[in-house]
Amino acid sequence: MLSLVCLTLTILVQSIKGTNVAVSSSGIAVGALDSAGLATHVLPNGPTVMQSLPEGLTSISDVSIDENDIVFALYAKTIDLASNPNLNPIGTVCSFTLAADGSLNVVNCLSGFVAALFTGVSALGGNLIVSGGVVGLTHFVYNTESGMISQTSTKNLVLDV
(Lines give C-alpha, C1' and ligand atoms only; values in the text may rest on other atoms or scores of the structure.)
Protein backbone atom coordinates (compact mmCIF):
# COMPACT_ATOMS: atom_id res chain seq x y z
CA MET A 1 0.00 0.00 0.00
CA LEU A 2 2.86 2.40 0.75
CA SER A 3 4.10 2.15 -2.84
CA LEU A 4 0.59 3.06 -4.07
CA VAL A 5 0.54 6.11 -1.82
CA CYS A 6 3.96 7.21 -3.08
CA LEU A 7 2.90 6.67 -6.70
CA THR A 8 -0.35 8.55 -6.09
CA LEU A 9 1.44 11.47 -4.47
CA THR A 10 3.84 11.61 -7.42
CA ILE A 11 0.93 11.65 -9.87
CA LEU A 12 -0.91 14.34 -7.91
CA VAL A 13 2.06 16.68 -7.70
CA GLN A 14 3.68 16.26 -11.10
CA SER A 15 3.00 19.85 -12.09
CA ILE A 16 1.64 21.29 -8.84
CA LYS A 17 3.40 21.95 -5.55
CA GLY A 18 2.05 19.32 -3.16
CA THR A 19 2.49 19.66 0.59
CA ASN A 20 0.85 16.58 2.15
CA VAL A 21 -1.22 13.50 1.43
CA ALA A 22 -3.49 11.27 3.54
CA VAL A 23 -5.31 8.05 2.66
CA SER A 24 -8.88 7.33 3.75
CA SER A 25 -10.13 4.05 5.18
CA SER A 26 -11.97 3.52 1.87
CA GLY A 27 -8.77 3.79 -0.19
CA ILE A 28 -8.94 7.36 -1.46
CA ALA A 29 -5.79 9.50 -1.35
CA VAL A 30 -6.32 13.20 -0.64
CA GLY A 31 -3.46 15.55 -1.44
CA ALA A 32 -2.99 19.11 -0.20
CA LEU A 33 -1.72 21.03 -3.21
CA ASP A 34 -0.88 24.41 -1.70
CA SER A 35 -2.51 27.19 -3.78
CA ALA A 36 -4.06 24.65 -6.21
CA GLY A 37 -6.41 23.31 -3.50
CA LEU A 38 -6.97 19.61 -2.96
CA ALA A 39 -6.87 16.55 -5.22
CA THR A 40 -8.32 13.12 -4.59
CA HIS A 41 -7.38 9.86 -6.25
CA VAL A 42 -9.31 6.62 -5.85
CA LEU A 43 -6.66 3.93 -5.31
CA PRO A 44 -5.22 2.17 -7.11
CA ASN A 45 -6.31 3.20 -10.62
CA GLY A 46 -9.39 5.34 -10.18
CA PRO A 47 -10.02 8.91 -11.24
CA THR A 48 -8.26 11.98 -9.90
CA VAL A 49 -10.60 14.81 -8.87
CA MET A 50 -9.40 18.38 -8.33
CA GLN A 51 -11.11 20.42 -5.59
CA SER A 52 -10.74 24.19 -5.67
CA LEU A 53 -10.00 26.13 -2.50
CA PRO A 54 -12.89 27.05 -0.22
CA GLU A 55 -13.84 30.72 -0.48
CA GLY A 56 -11.41 33.01 1.34
CA LEU A 57 -8.44 30.63 1.39
CA THR A 58 -5.28 31.08 -0.65
CA SER A 59 -3.70 27.68 0.00
CA ILE A 60 -3.95 24.34 1.84
CA SER A 61 -0.85 23.19 3.72
CA ASP A 62 -1.98 20.01 5.49
CA VAL A 63 -4.73 17.41 5.34
CA SER A 64 -6.07 14.73 7.69
CA ILE A 65 -8.80 12.10 7.33
CA ASP A 66 -10.66 10.53 10.25
CA GLU A 67 -11.96 6.97 10.55
CA ASN A 68 -15.30 8.00 8.98
CA ASP A 69 -13.64 9.55 5.93
CA ILE A 70 -14.23 13.13 7.04
CA VAL A 71 -11.45 15.25 5.50
CA PHE A 72 -9.89 18.20 7.30
CA ALA A 73 -7.73 20.73 5.48
CA LEU A 74 -5.55 23.37 7.13
CA TYR A 75 -4.54 26.79 5.89
CA ALA A 76 -1.78 28.51 7.83
CA LYS A 77 0.10 31.51 6.57
CA THR A 78 3.81 30.79 6.90
CA ILE A 79 5.37 33.56 8.94
CA ASP A 80 8.78 33.63 10.55
CA LEU A 81 7.82 34.74 14.07
CA ALA A 82 11.46 35.31 15.05
CA SER A 83 11.71 38.02 12.41
CA ASN A 84 8.14 39.28 12.95
CA PRO A 85 7.37 38.84 16.68
CA ASN A 86 4.43 41.27 16.69
CA LEU A 87 2.44 39.42 14.02
CA ASN A 88 -0.46 37.21 15.00
CA PRO A 89 -0.70 34.59 12.22
CA ILE A 90 -4.19 33.23 11.78
CA GLY A 91 -5.09 29.71 10.68
CA THR A 92 -8.21 28.29 9.07
CA VAL A 93 -9.39 24.67 9.15
CA CYS A 94 -12.12 23.29 6.90
CA SER A 95 -14.01 20.00 6.96
CA PHE A 96 -15.26 18.08 3.94
CA THR A 97 -17.29 14.97 3.32
CA LEU A 98 -15.62 12.48 0.98
CA ALA A 99 -17.76 10.57 -1.52
CA ALA A 100 -16.92 7.14 -2.94
CA ASP A 101 -16.01 8.73 -6.30
CA GLY A 102 -13.43 11.00 -4.61
CA SER A 103 -15.47 14.19 -4.72
CA LEU A 104 -15.31 16.52 -1.72
CA ASN A 105 -18.08 18.71 -0.30
CA VAL A 106 -17.28 21.53 2.12
CA VAL A 107 -19.06 21.22 5.47
CA ASN A 108 -17.67 24.29 7.25
CA CYS A 109 -14.52 26.34 7.87
CA LEU A 110 -13.33 28.06 11.07
CA SER A 111 -10.65 30.71 11.49
CA GLY A 112 -9.22 32.73 14.32
CA PHE A 113 -6.62 30.49 15.91
CA VAL A 114 -2.88 31.02 15.91
CA ALA A 115 -0.83 28.98 13.46
CA ALA A 116 2.75 29.54 12.37
CA LEU A 117 5.69 27.52 11.06
CA PHE A 118 5.45 23.70 11.19
CA THR A 119 1.66 23.51 11.48
CA GLY A 120 -0.37 20.36 11.07
CA VAL A 121 -3.86 18.95 11.52
CA SER A 122 -5.01 15.61 12.93
CA ALA A 123 -8.50 14.21 13.51
CA LEU A 124 -9.94 11.13 15.17
CA GLY A 125 -13.11 10.25 17.05
CA GLY A 126 -14.60 13.75 17.11
CA ASN A 127 -11.38 15.46 18.23
CA LEU A 128 -9.55 17.79 15.88
CA ILE A 129 -6.11 19.06 16.83
CA VAL A 130 -4.34 21.84 14.98
CA SER A 131 -0.70 22.13 15.83
CA GLY A 132 0.18 25.79 15.67
CA GLY A 133 3.76 24.81 15.02
CA VAL A 134 5.89 26.93 17.28
CA VAL A 135 2.90 28.55 19.02
CA GLY A 136 0.89 25.75 20.68
CA LEU A 137 -2.11 23.54 19.92
CA THR A 138 -5.78 24.27 19.30
CA HIS A 139 -8.41 21.59 20.07
CA PHE A 140 -11.79 21.51 18.34
CA VAL A 141 -14.57 18.96 18.52
CA TYR A 142 -16.52 17.89 15.44
CA ASN A 143 -19.55 15.78 14.62
CA THR A 144 -18.24 12.39 13.45
CA GLU A 145 -21.22 11.87 11.13
CA SER A 146 -21.60 15.27 9.46
CA GLY A 147 -18.06 16.63 9.85
CA MET A 148 -19.35 19.91 11.31
CA ILE A 149 -16.59 21.55 13.38
CA SER A 150 -17.80 23.20 16.59
CA GLN A 151 -17.26 26.94 16.99
CA THR A 152 -15.88 26.28 20.48
CA SER A 153 -12.18 25.55 20.79
CA THR A 154 -9.45 25.37 23.38
CA LYS A 155 -6.53 27.47 22.17
CA ASN A 156 -2.82 27.55 22.91
CA LEU A 157 -2.67 24.20 24.66
CA VAL A 158 0.77 23.17 25.81
CA LEU A 159 1.73 19.53 26.26
CA ASP A 160 3.63 19.06 29.48
CA VAL A 161 5.99 16.29 28.39
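Residues numbered from 1 in each chain as written. Predicted model: local features only at pLDDT ≥ 70, side-chain atom pairs only at ≥ 80, totals over all residues. Heavy atoms only, no water.

1. Considering the overall build of the protein chain
Quick reminder of the rule: Helix and strand labels come from DSSP, where a helix needs a run of H or I of at least four residues and a strand needs a run of E of at least two; each type is numbered from the N terminus. Relative accessible area decides the class of each residue, using a 1.4 Å probe on protein chains only: under 20% of the type maximum gives buried, over 50% gives exposed, and in between gives partly exposed. The contact criterion used is simple: two residues touch if any of their non-hydrogen atoms lie within 4.5 Å. Throughout, the Shrake-Rupley method with a 1.4 Å probe supplies accessible areas, and for residues the shown protein chains are the sole cover considered.
Counting its secondary structure elements, the protein chain contains 1 helix and 12 strands. Looking at the protein chain as a whole, 45% of its 161 residues qualify as buried. Of all intrachain contacts in the protein chain linking residues separated by at least 6 positions in sequence, the fraction that spans at least 24 positions is 41%. With an accessible surface of roughly 8000 Å², the protein chain has 54% of that area assigned to carbon and sulfur atoms.

2. Brief notes about the side chain of Asn108
What counts is decided by this rule: Think of a polar contact as two N or O atoms within 3.5 Å of one another; within protein, one of them needs to be a possible hydrogen donor and the other a possible acceptor, and neighboring residues in sequence only count if both atoms come from side chains.
With respect to the helices and strands, Asn108 occurs in strand 8 (residues 104–114). A polar contact is formed between the side chain of Asn108 and the backbone oxygen of Ile149, at a distance of 3.0 Å. In contact with Asn108, other than residues within four places in its own chain, are Val93, Cys94, Ser95, Gly147, Met148 and Ile149.

3. Some thoughts on the sheet that holds strand 1 (residues 20–23)
The test is simple: The rule for pairing is simple: two strands pair if DSSP sees at least two bridges between them. Working convention: axes come from line fits to C-alpha atoms, limited for helices to the stretch in contact. Angles between N-to-C directions cover 0 to 180 degrees.
Strands sit in the order 1-2-3-4 across an open sheet of 4 strands; the sheet is antiparallel. Whereas interior strands pair on both sides, the edge strands pair on one side only; in this sheet they are strand 1 and strand 4 (48–51). For this sheet, the mean inter-axis angle between neighbouring strands, taken without regard to orientation, is 20°. As paired strands, strand 2 (residues 28–32) and strand 3 (residues 38–42) are joined by 5 bridges and run antiparallel to one another. Bridging from a neighbouring strand, Ala32 pairs with Leu38 of strand 3.

4. Side note on the state of the cysteines
Put plainly, a disulfide is one covalent bond tying together the sulfur atoms of two cysteines. Selection rule: Any two cysteine sulfur atoms lying within 2.5 Å of each other are counted as a disulfide.
A full pass over the atoms with the stated rule returns 1 disulfide. Paired by a disulfide, Cys94 and Cys109 hold their sulfur atoms 2.1 Å apart. The S-S bond linking Cys94 to Cys109 shows a torsion near 110°; that makes this disulfide right-handed. Taken together, the residues span a long stretch of sequence, with Cys94 in strand 7 (residues 90–98) and Cys109 in strand 8 at a distance of 15 residues. Here Cys94 falls in the buried class, since its relative accessible area comes to 0%.

5. Remarks on the confidence of the model for the protein chain
Note the following rule: Values of pLDDT, which run from 0 to 100, indicate the predictor's confidence residue by residue.
When pLDDT is averaged across the protein chain, the result is 82; 73% of the residues are at 70 or more. Within the protein chain, the element-level pLDDT minimum falls on helix 1 (residues 2–12), averaging 48, and the maximum on strand 5 (residues 62–65), averaging 96. Taken together, the stretch residues 11–15 has pLDDT below 50 and engages in 8 contacts with residues farther than four places along the chain or on a different chain.

6. Focus: the nonpolar core
One recurring pattern in soluble globular proteins: nonpolar side chains tend to sit buried together. Note the following rule: Each nonpolar core is a collection of buried residues, namely Ala, Val, Leu, Ile, Met, Phe, Trp, Tyr and Cys, held together in the definition by side-chain atoms within 4.5 Å.
One finds Val30, Leu38, Val63, Val71 and Phe96 to be the most contacted residues of the largest nonpolar core, which totals 17 residues. Excluding residues that lie within four positions of it along the chain, Leu38 makes contacts with Val30, Gly31, Ala32, Leu33, Val49, Met50, Gln51, Ile60, Val63, Ala73, Phe96 and Leu104. Ranked by size, the runner-up nonpolar core spans 15 residues in total, among them Phe113, Val121, Phe140 and Tyr142.

7. Side note on unusual backbone geometry
In this chain, Leu43 is followed by Pro44 through a cis amide linkage whose omega measures 0°. Along the chain, Pro44 turns up in the loop between strand 3 and strand 4. Even without glycine at this site, Asp34 takes up a positive phi of about 55°. For Asp34, the location among the structural elements is in the loop between strand 2 and strand 3. With a phi close to 65°, Asp69 is a non-glycine residue in the positive phi region. Among the secondary structure elements, Asp69 is positioned in the loop between strand 5 and strand 6 (70–76). For Asp69, a relative accessible area of 11% corresponds to the buried category.

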